[in-house]
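# What the coordinates show
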Amino acid sequence: DTEMFTIFKLINRGVEAHIGFKPQKLTFVYVKDLTEMIYQSIVKPVFNVAYFAASEQYYSSEDLATFVRTFLNKKTIKIKLPLPIVHSAAWMSEKISAISGKSSVFNRDKINELKAQSWVCDLQPLKDELNFTNRFTLKTGLEETLAWYQAEKWL
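Residues numbered from 1 in each chain as written. Predicted model: local features only at pLDDT ≥ 70, side-chain atom pairs only at ≥ 80, totals over all residues. Heavy atoms only, no water.

### Some words on the overall build of the protein
Within the protein, the secondary structure is distributed over seven helices and four strands. For the protein, the N- to C-terminal ordering of α and β elements is α-β-β-α-α-β-α-α-β-α-α. Taken along its principal axes, the extent of the C-alpha atoms in the protein is 50 × 35 × 30 Å. Classification of the 155 residues of the protein by burial places 28% in the buried group. Across the protein, contacts joining residues at least 24 apart in sequence account for 84% of those joining residues at least 6 apart. When the accessible surface of the protein is summed, it comes to about 10,300 Å², and 58% of that surface belongs to carbon and sulfur atoms. (Helix = DSSP H or I, 4+ residues; strand = E, 2+ residues; numbered from the N terminus. Buried < 20%, exposed > 50% of the residue type's maximum accessible area, 1.4 Å probe, protein only. Contact = heavy atoms within 4.5 Å. Areas by Shrake-Rupley, 256 points an atom, 1.4 Å probe, with all protein chains shown as cover.)

Rendered as structure tokens:
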């Protein structure tokens, strides 16, 4: 996930940026849990059903940054960016993107996604119909992911 990798790189460089001042509720799913969810949805006799792929526990962006910072053993400067400034920067990014002809992941649609109060999903159907339980927490998934990034010299 290139967006998560951007967060990892920023924290590795000592910068912890948060958008807005209200806490968010976020859910994540580790790739190994996701593949297990997909496998279970194939082998179980359940048809034409959509499931949310997420962890059972929700976290804040602060939790995410804390886990990454702790694993990488980094001290960071924490920056809270006010939404009007972020919106202006996204607008500018869109204009530069239009002029250069190169797409940008930082745009006003992304800001709407980043400022949402909650990204918590109802996993009850996944549990009931596929008997699924996450094996990885955000912390354990990040530890494995960040260890891989370090081994590959990406961080």
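### A closer look at the nonpolar core
Membership of the largest hydrophobic core comes to 15 residues, with the highest contact counts inside it found for F8, F28, L64, V68, L138 and L142. Elements with a minimum of two residues in this core: helix 1 (2-12), helix 3 (61-72) and helix 7 (138-151). The residues contacting L142, other than those within four sequence positions of it, are F8, L64, F67, V68 and A147. (Core = buried A, V, L, I, M, F, W, Y, C linked by side-chain atoms within 4.5 Å.)

### Observations concerning the packing of helix 4 (residues 83-100) against helix 5 (residues 108-115)
At a minimum axis distance of 8 Å, the contact between helix 4 and helix 5 shows a crossing angle of 150 degrees. If you check the angle between helix 4 and helix 5, you find them roughly antiparallel. Listed contacts from helix 5 to L83, V86, H87, A90, W91 and E94 of helix 4 are R108, D109, I111, N112 and K115. Residue composition of the contact of helix 4 with helix 5, grouped by class: five nonpolar, two polar and four charged. (Axes fitted to C-alpha atoms, helices over the stretch in contact; angles between N-to-C directions. Parallel < 35°, antiparallel > 145°, perpendicular 65-115°, else oblique. Nonpolar A, V, L, I, M, F, W, Y, C, P; charged D, E, K, R; others polar.)

### What about helix 3?
Over its 12 residues, helix 3 extends 16 Å from the first C-alpha to the last, a length consistent with the 16 Å expected when each residue adds 1.5 Å. Turning to helix 3, its buried residues are L64, A65, V68, R69 and L72. Along the axis of helix 3, the buried residues cluster in a sector spanning 125 degrees; they form a single face. The elements touched by buried residues of helix 3 are helix 1, strand 1 (15-19) and helix 7. (Expected span 1.5 Å × (residues − 1). Arc of directions from axis to C-beta.)

### A word on the packing of aromatic side chains
Applying the stated criterion across every chain yields a total of nine aromatic pairs. An angle of 75 degrees between the planes, with centres 6.1 Å apart, marks the rings of Y59 and F67 as edge-to-face. Under the relative-accessibility criterion, F67 is labelled partly exposed at 24%. Three or more aromatic residues joined by ring pairs make a cluster, and in this case those are F5, F8, W148, Y149 and W154. (Phe/Tyr/Trp six-rings, centres within 6.5 Å; stacked < 30°, edge-to-face > 60°.)

### Focus: the side chain of D33
As for its placement among the helices and strands, D33 is situated in helix 2 (residues 31-43). Within the structure, D33 has its side chain in polar contact with the backbone nitrogen of R135 (distance 3.0 Å). For D33, the contacting residues outside a window of four places in its chain are F132, N134, R135 and F136. (Polar contact = N/O pair within 3.5 Å; in protein donor to acceptor, adjacent residues only side chain to side chain.)

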